[in-house]
Amino acid sequence: GGMPVETDFDSRSSDSLYGGRISQGLGGLYRIGVSYLLEKNDSIEFRKEEGVDLWFRPFAKAELTGTMLYNAITSDNALTSLYLTLGSFGNLTLRTQYMDVSYKDYFTTTTMSAFLLSTPSTTGPLDPNEKLALIGEEASLSFGKTNISVDYKKYDYDIAGSADYYGAKVAYADAQYGSSGLALHRMDGETKDRQYSEYRLYTSRKIQKVDLTADALMVKYDVEINGVKSAYTVALAGGYVLSPKIKVGADIEYAKNPYYDKDVRAFLKLVYNFDFTSAAPAPPARKKGRN
């Protein structure tokens, strides 16, 4: 509970935010949770959501996770997301994904310009009448510290039509030294903003108390959008361990795309790990009696 931190669209007077989640489960088999969130802006309901989440593992090589979100202001389902993981069978793992999203219900209260809905008084990038249904499959093979995967996703938009997204990834991970990866994907859709090739390269490195990460993503459109044919994002991050409990870090990101000439973001963080311990239970009282 508390007051929302956004400060750029009004004075934040008479505002509040509160919510919670309760869950019930059986260790190793399932856990189901129910959540609620209410945000008020100028004492008027601004965001009101009800959710259900599920984790289910009927046997060792099958795991299902799911999230369902209901927008209580628009009285409609906002999001359904399901993931099914099978394996590993030897070094093979299969992952199936299903998701459906209603834009007007899921993005209706966003404060980020990239997810604003277009209304009679605004020019947001998203059509509030759009809906998306997605189904995808990924198969991955692990060889020690190296993982190779191929994936395919079918996007079905009510307005923008259908699109096929497919590609492959190679990743290497070492718990002591870091990780790196390369991904190549292709999006073939009915509209020009969903016709592009996507390339990603990332690497991270741990050097004693320092960890460094670099991540680069490039998208090359088949047809120019707002005069831009190549969009890219470059992110750099670093962290330093001051003590076993304290870590400081900084992230910086630079992006250029059809909607922004440049987008620069910076983030500073301080992480402190608390120790939580519980007192040992008192030994049972000794009964008095004869020796």
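Above: the structure in question.
Residues numbered from 1 in each chain as written. Predicted model: local features only at pLDDT ≥ 70, side-chain atom pairs only at ≥ 80, totals over all residues. Heavy atoms only, no water.

1. Regarding the side chain of Glu-130
Take Glu-130: it is sitting in the loop between helix H1 (103–106) and strand S7 (131–143). Despite its burial, Glu-130 remains without a salt bridge, the nearest opposite charge being carried by Arg-194 at 5.0 Å. Polar side-chain contacts of Glu-130 include one of 3.1 Å to the backbone nitrogen of Ala-160. If we ignore the near neighbours within four places in the chain, the residues touching Glu-130 are Val-101, Ser-102, Tyr-103, Tyr-157, Asp-158, Ile-159 and Ala-160. (Helix = DSSP H or I, 4+ residues; strand = E, 2+ residues; numbered from the N terminus. Buried < 20%, exposed > 50% of the residue type's maximum accessible area, 1.4 Å probe, protein only. Lys, Arg positive; Asp, Glu negative; His and termini not counted. Salt bridge = Lys/Arg side-chain N within 4 Å of Asp/Glu carboxyl O. Polar contact = N/O pair within 3.5 Å; in protein donor to acceptor, adjacent residues only side chain to side chain. Contact = heavy atoms within 4.5 Å.)

2. As for the pattern of salt bridges
For the structure on display, the rule yields 15 salt bridges. The shortest N-O distance in the salt bridge between Asp-174 and Lys-145 comes to 2.4 Å. Of this pair, Asp-174 sits in strand S9 (residues 161–174) while Lys-145 sits in the loop between S7 and strand S8 (146–157), and the two are 29 residues apart along the sequence. For Asp-174, a relative accessible area of 10% corresponds to the buried category. Take Lys-145: its relative accessible area is 45%, and that puts it in the partly exposed class. Here Lys-154 and Asp-164 are joined by a salt bridge, their closest N and O atoms 3.3 Å apart. One end of the pair, Lys-154, is in strand S8; the other, Asp-164, is in strand S9, with 10 residues separating them in the sequence. Residue classification places Lys-154 among the partly exposed positions, given a relative accessible area of 29%.

3. So, the packing of aromatic side chains
Tallied over the entire structure, the rule returns seven aromatic pairs. Seen from their ring centres, Tyr-155 and Tyr-157 are 6.1 Å apart, and the 5° between their planes marks the pair as stacked. Judged on exposure class, the residue Tyr-155 and its partner Tyr-157 are both buried. Taking the centre distance of 4.8 Å and the plane angle of 70° together, the rings of Tyr-272 and Phe-274 count as edge-to-face. (Phe/Tyr/Trp six-rings, centres within 6.5 Å; stacked < 30°, edge-to-face > 60°.)

4. Some remarks on the side chain of Ser-81
Mapping Ser-81 onto the fold places it in strand S5 (residues 76–89). Here Ser-81 falls in the buried class, since its relative accessible area comes to 11%.

5. Considering unusual backbone geometry
With glycine set apart, most residues show a phi of negative sign, and most peptide bonds adopt trans. Going from Gly-87 to Ser-88, the amide bond is cis rather than trans, its omega being 10°. Position of Ser-88 relative to the elements: it lies in strand S5. Of note, Ser-75 is a non-glycine position whose phi angle comes to about 55°, a positive value.

6. Points about the nonpolar core
Judged by nonpolar contacts, the single largest core of 22 residues is most densely connected at Tyr-103 and Tyr-155. Those elements that provide at least two residues to this core are S5, strand S6 (92–102), S7, S8, S9 and strand S12 (210–225). By residue number, the principal contributor to this core is S12, which donates three residues. Residue contacts for Tyr-103: discarding those within four places in its chain leaves Thr-108, Leu-117, Leu-126, Asp-127, Pro-128, Glu-130, Leu-132 and Tyr-157. (Core = buried A, V, L, I, M, F, W, Y, C linked by side-chain atoms within 4.5 Å.)

7. Topic: the environment of Lys-104
Examined against the element boundaries, Lys-104 turns out to sit in helix H1. Non-local contacts of Lys-104, meaning those with residues more than four positions away in its chain, are made with Thr-74, Asp-76, Leu-117 and Pro-128. In this structure the side chain of Lys-104 is engaged in a polar contact, spanning 3.2 Å, whose partner is the side chain of Asp-105.

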